[in-house]
Amino acid sequence: MRRVPVLALTAVAALAGAAQAAGRTPARAAVPVTLTIDDILIGAERTTAVAAAPASIDQLLDRLCAPPAPSVQLAARNAADQPPPAPDSAPATESAPPPVDQAPLEGRTRPGLPPPPPPAPTIQDNPGAVRAPPPEAFPTDQIPIPDRWRLAGALGLTQPRWFDPYNQNLLKGDIPLKAMPGWFFELTGVSDTVVEPRSFPIPVGVQTTERPGSLDTFGKNDSLVLAQTFVTGLALIKGSTAFKPPELEFRLSLAFQDNYVNVPEKRILHVEPSKPSHRNDAFVGVQEAFVDYHIRNVSDRYDFDSVRVGIQPFSTDFRGFLFQDNQFGARLFGNRDNNRFQYNLAVFKRLEKDTNSGLNDVGQSLRDDYVFVANLYRQDLPVPGLTSQLTVVYNRNREAGDIHIDHNGFPVRPALIGDLRGRDYDVTYLGYNADGHWNRLNLTASAYYALGSDRNSIFTGRKAKIRSYFLAAEPSMDFDWVRVRLSGLYASGDKNPYDNTEHGFDAIYENPQFAGSDTSYWIRQTIPFAGGGRVIGINGRNGVLNDLRSSKDEGQSNFNNPGTVLLGGGADFDVLPQLRVSTNINHLSFVDTSVLQVLRSEGSIPKSIGWDASVSTIYRPQMTQNLVFRASLAVFQPGSGFKDLFTNYDRDKRYYSILLNAILTF
């Protein structure tokens with residue numbers, strides 16, 4: 001009974017195959033086909049290639065249900081691979097099976113037959129070819145190569161040379177030390193040469209003079225300064241600093257200066273009248289000596305906290321108006337929010353300076369003068385492109401009992417002005433500074449308010465309050481290769497020397513990069529305040545404030561001063577990529593001359609100081625900071641107030657300042 005369905009399926013399949021074959025027959029040959037059970041049996045017998053007839057229906061069903069033999073499968077496959085007969089060809093007879101292709105298909109082999117012969121070997125004909133090394137010549141695990149810093153040199157892409165700072169150099173921190181992996185050594189060398197002819201009012205010595213018989217208060221005004229400074233910096237740094245701060249840094253910078261000064265009068269360079277009116281001096285100062293430790297990273301973008309202890313450079317603002325110096329101290333600093341915020345918390349105890357070079361003198365005791373700083377920077381505030389800074393600076397000075405004489409024999413603490421008494425003072429500066437651009441407008445701005453107390457006012461000898469302020473701004477705009485700028489500065493002055501409030505603004509240690517900087521006559525030169533004090537200058541060298549200090553380097557701040565007003569403009573011309581020409585013209589005046597009138601015992605002194613005009617050139621032959629040559633000429637036209645305070649020996653109408661400077665950096 002189990003074979004009946006199979007027989008039925010076989011019959012149906014045979015009928016369907018016959019019907020399909022009849023459907024492929026051309027219409028003109030279509031004849032009715034009638035199949036009997038004998039025809040089905042005969043067809044099944046041919047399909048299975050059985051030679052003998054079945055003995056019974058059961059045997060037939062067993063043969064139909066059994067799998068075909070391998071030879072039958074091969075024959076069926078070969079038949080399927082044959083192309084169909086052409087439509088017009090005569091149909092093959094039913095008794096003749098299709099021919100079998102004895103050749104195997106391409107890429108195939110028949111089971112049991114030997115494989116085909118291999119192809120002929122390839123003969124390489126390449127004269128001069130080098131045979132490849134055998135496999136055993138290569139390590140099985142890894143191939144040693146130089147580190148990623150030395151790989152370019154090993155491949156011949158770079159040629160490190162110790163005297164070449166422009167390419168990969170071990171002395172410039174480009175390659176780590178082999179003996180100390182992860183550590184870099186950095187060597188810096190600077191040669192700074194200054195040639196400076198100048199003129200300014202020079203008082204005639206009281207006891208003696210270079211021209212006996214001279215009765216004038218002021219002598220000849222021409223003088224000459226020559227200075228050669230060499231700076232050597234050494235640094236040992238751990239960590240790659242391309243994307244993150246160093247993990248640990250040790251830095252030492254020494255400066256050696258040899259200077260020569262020649263003036264036309266005695267007692268300008270030395271307190272002793274017996275000494276000549278020229279001087280040659282040399283000094284070695286320690287400008288940097290600190291350890292920088294990276295405390296931690298606070299984000300994946302290397303926002304960090306670090307601490308630095310030792311003699312280090314620092315500036316409280318962008319242009320050096322209040323405190324810019326290399327002083328001994330400790331500083332905690334870092335950033336946040338992908339460097340959008342930066343902060344500083346610092347304390348400095350000031351070093352004494354060498355009198356003639358201005359370099360740090362570590363051979364003397366530290367001053368009793370502390371500077372505490374806290375500031376915060378925010379980029380893109382209040383507009384994109386402009387960085388804002390808030391700062392609080394506290395200056396605590398306790399040098400009232402300190403009598404300090406400089407190297408030339410002149411007293412500088414206390415200053416020889418007013419009651420000649422020592423002073424202690426506490427002053428806090430609250431400041432806002434901005435630097436950047438506002439659309440096309442470039443802008444630098446600074447504002448400070450000083451409040452505190454002076455233990456001994458130089459006019460009353462009593463305690464006085466300090467209330468003064470400072471404003472400065474320098475907007476500029478670029479027009480292709482020209483930058484045009486304006487400069488404005490206001491430092492309040494004291495209107496009443498005998499009250500209990502000091503309104504004159506003074507900085508801690510200024511070094512302004514403003515209104516022409518050191519190419520300006522008034523910023524570059526010191527004008528001695530003859531007749532109103534001894535060893536007192538109206539302003540300080542490399543300073544813009546009229547603060548009546550004995551020395552910017554060794555003296556104390558003085559808040560009994562006439563104040564400063566500067567208004568000016570200028571332009572920078574990038575004539576060539578290597579050459580820049582700058583021009584500046586500034587007008588300077590006092591805010592109030594009451595202090596000057598008391599010190600000079602004069603009834604009236606005009607406020608106008610005069611006009612300061614300068615032109616300078618900066619030439620960089622390699623378009624880098626390694627070779628910089630500067631030349632500038634400044635001319636000062638005295639105003640009515642300056643003429644009232646000073647006269648010239650030869651009645652010159654103007655003063656001049658020439659600066660020739662060459663800076664070579666390795």
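The shown structure was predicted, so the numbers you read here are calculated from the model rather than taken from an experiment.

1. Focus on the overall build of the protein chain
Here is step 1: Scanning the protein chain for helices and strands turns up 8 helices and 21 strands.
Here is step 2: Within the span of the protein chain, comprising 666 residues, buried residues form 40% of the whole.
Here is step 3: Counting only contacts in the protein chain whose residues sit at least 6 apart along the sequence, the fraction spanning at least 24 positions is 62%.
Here is step 4: Counting every atom, the protein chain has about 35,300 Å² of accessible surface; 60% of that belongs to carbon and sulfur.

2. Structural notes on the packing of aromatic side chains
Here is step 1: For the coordinates displayed, the defined rule picks out 24 aromatic pairs.
Here is step 2: When the ring of Trp183 is compared with that of Phe250, the centres are 6.5 Å apart and the planes differ by 20 degrees; the resulting orientation is stacked. Of this pair, Trp183 sits in strand E1 (residues 183-199) while Phe250 sits in strand E3 (residues 248-262); the two residues are 67 residues apart in sequence, bridging distant segments of the chain.
Here is step 3: Measuring from centroid to centroid gives 5.3 Å for Phe314 and Phe348, while their planes differ by 40 degrees, and the two rings are tilted. Here Phe314, found in strand E5 (residues 304-315), pairs with Phe348, found in strand E7 (residues 341-349); they are 34 residues apart in sequence, far enough to count as distant. Phe348 shares its class with Phe314; the two are buried.
Here is step 4: The ring of Phe666 has Lys172 lying over it, and the distance from NZ or CZ to the ring centre is 4.8 Å.
Here is step 5: A cation sits over an aromatic face here: Arg378 above Phe341, 4.8 Å from the ring centre.

3. Details of the side chain of Ser520
Here is step 1: Secondary-structure assignment places Ser520 in the loop between strand E16 (501-502) and helix H6 (521-524).
Here is step 2: In terms of polar contacts, Ser520 uses its side chain to reach the backbone amide nitrogen of Trp522, at 3.5 Å.
Here is step 3: A distance of 2.3 Å separates a polar atom in the side chain of Ser520 from a polar atom in the side chain of Asp612.
Here is step 4: Residues within four places of Ser520 in sequence aside, it is in contact with Ala515, Asn586, Asp612, Ser614 and Ala634.

4. Let's talk about the nonpolar core
Here is step 1: The biggest cluster of nonpolar side chains holds 55 residues, and the ones touching the most others in it are Leu322, Tyr429, Phe470, Phe505, Ile538 and Leu548.
Here is step 2: Here Phe505 is in contact with Leu322, Tyr429, Tyr448, Ala450, Ser468, Tyr469, Phe470, Ala491, Ser492, Leu545 and Asn561, once residues within four sequence places are set aside.

5. Thoughts on the pattern of salt bridges
Here is step 1: Enumeration according to the criterion identifies 28 salt bridges in this entry.
Here is step 2: Taking the shortest distance from any N to any O, the salt bridge between Arg308 and Asp292 comes out at 2.8 Å. Residue Arg308 is found in strand E5, and its partner Asp292 is found in strand E4 (residues 278-297); the two are separated by 16 residues along the sequence.
Here is step 3: Across the pair Arg413 and Glu399 runs a salt bridge whose closest N-O atoms are separated by 3.6 Å. In this pair, Arg413 is assigned in strand E11 (residues 411-413) and Glu399 in the loop between strand E9 (386-398) and strand E10 (404-405), connecting sequence segments 14 residues apart. By the burial criterion, Arg413 is buried, and Glu399 matches it.
Here is step 4: Within the structure, one salt-bridge network assembled from shared partners comprises Arg350, Glu352, Arg367, Asp369, Glu399, Asp402 and Arg413.

6. Some remarks on the confidence of the model for the protein chain
Here is step 1: For the protein chain, the mean per-residue pLDDT works out to 85, and 80% of the residues sit at or above 70.
Here is step 2: Within the model, pLDDT remains below 50 along residues 47-53, and this stretch shows 10 contacts once partners closer than five positions in the same chain are excluded.

7. Digging into the pairing of E5
Here is step 1: For E5, the tally of buried residues reaches 9 of 12 residues, placing the bulk of the element in the interior.
Here is step 2: Counting the residues between successive antiparallel strands, the hairpin from E4 to E5 contains 6 residues, one of them, Tyr302, with a positive phi of roughly 65 degrees.
Here is step 3: Where E5 meets strand E6 (residues 324-336), 11 bridges bridge the pair, whose relative direction is antiparallel. In the sheet register, Arg308 faces E6, and the bridge partner there is Arg331.

8. Concerning the pairing of strand E18 (residues 579-589)
Here is step 1: As defined by bridge partners, strand E17 (residues 564-576) adjoins E18 across 11 bridges and the pair is classed as antiparallel. If you follow Ala571 over to E18, its bridge partner there is Thr583.
Here is step 2: The antiparallel hairpin formed by E17 and E18 contains 2 residues in its connecting segment.
Here is step 3: The pairing of E18 with strand E19 (residues 608-619) spans 11 bridges and is antiparallel. Among the inter-strand pairings, Arg580 is bridged to a residue of E19, identified as Ile618.

9. Observations regarding unusual backbone geometry
Here is step 1: Of note, the bond from Leu381 into Pro382 is cis; its omega dihedral lies within 30 degrees of zero at 5 degrees.
Here is step 2: Relative to the elements of secondary structure, Pro382 occurs in the loop between strand E8 (369-378) and E9.
Here is step 3: For the peptide bond that leads from Arg413 to Pro414, omega is -5 degrees, which places it in the cis range.
Here is step 4: Counting through the fold element by element, Pro414 comes out in the loop between E11 and strand E12 (424-438).
Here is step 5: At Asn439, a position not held by glycine, the phi torsion is positive, near 55 degrees.
Here is step 6: Mapping Asn439 onto the fold places it in the loop between E12 and strand E13 (441-454).
Here is step 7: Not every positive phi belongs to a glycine, and Met623 is a case in point at roughly 60 degrees.

10. Remarks on the side chain of Ser315
Here is step 1: Locating Ser315 in the fold gives a position in strand E5.
Here is step 2: Here Asp317 takes part through its backbone oxygen, which lies 2.7 Å from a polar atom of the side chain of Ser315.
Here is step 3: If we ignore the near neighbours within four places in the chain, the residues touching Ser315 are Gly320, Phe323, Gln324 and Tyr377.

11. A word on a nonpolar patch on the surface
Here is step 1: Taken together, the side chains of Phe230, Leu234, Leu252, Leu254, Phe256 and Val284 define a hydrophobic patch exposed on the protein surface, amounting to about 490 Å² of accessible area.
Here is step 2: The set of elements that each furnish at least two residues to the nonpolar patch consists of strand E2 (222-238) and E3.
Here is step 3: Considering each element in turn, the nonpolar patch owes the most residues, 3 residues, to E3.
Here is step 4: Inspection of the secondary structure assignment puts Val284 in strand E4.

Conventions adopted
Residues numbered from 1 in each chain as written. Predicted model: local features only at pLDDT ≥ 70, side-chain atom pairs only at ≥ 80, totals over all residues. Heavy atoms only, no water. Helix = DSSP H or I, 4+ residues; strand = E, 2+ residues; numbered from the N terminus. Buried < 20%, exposed > 50% of the residue type's maximum accessible area, 1.4 Å probe, protein only. Contact = heavy atoms within 4.5 Å. Areas by Shrake-Rupley, 256 points an atom, 1.4 Å probe, with all protein chains shown as cover. Phe/Tyr/Trp six-rings, centres within 6.5 Å; stacked < 30°, edge-to-face > 60°. Lys NZ or Arg CZ within 6 Å of the ring centre and 35° of its normal. Polar contact = N/O pair within 3.5 Å; in protein donor to acceptor, adjacent residues only side chain to side chain. Core = buried A, V, L, I, M, F, W, Y, C linked by side-chain atoms within 4.5 Å. Salt bridge = Lys/Arg side-chain N within 4 Å of Asp/Glu carboxyl O. pLDDT = per-residue confidence, 0-100. Pairing = 2+ DSSP bridges. Patch = residues over 30% accessible without salt bridge, like charges linked within 9 Å, V, L, I, M, F, W, Y side chains within 5 Å.

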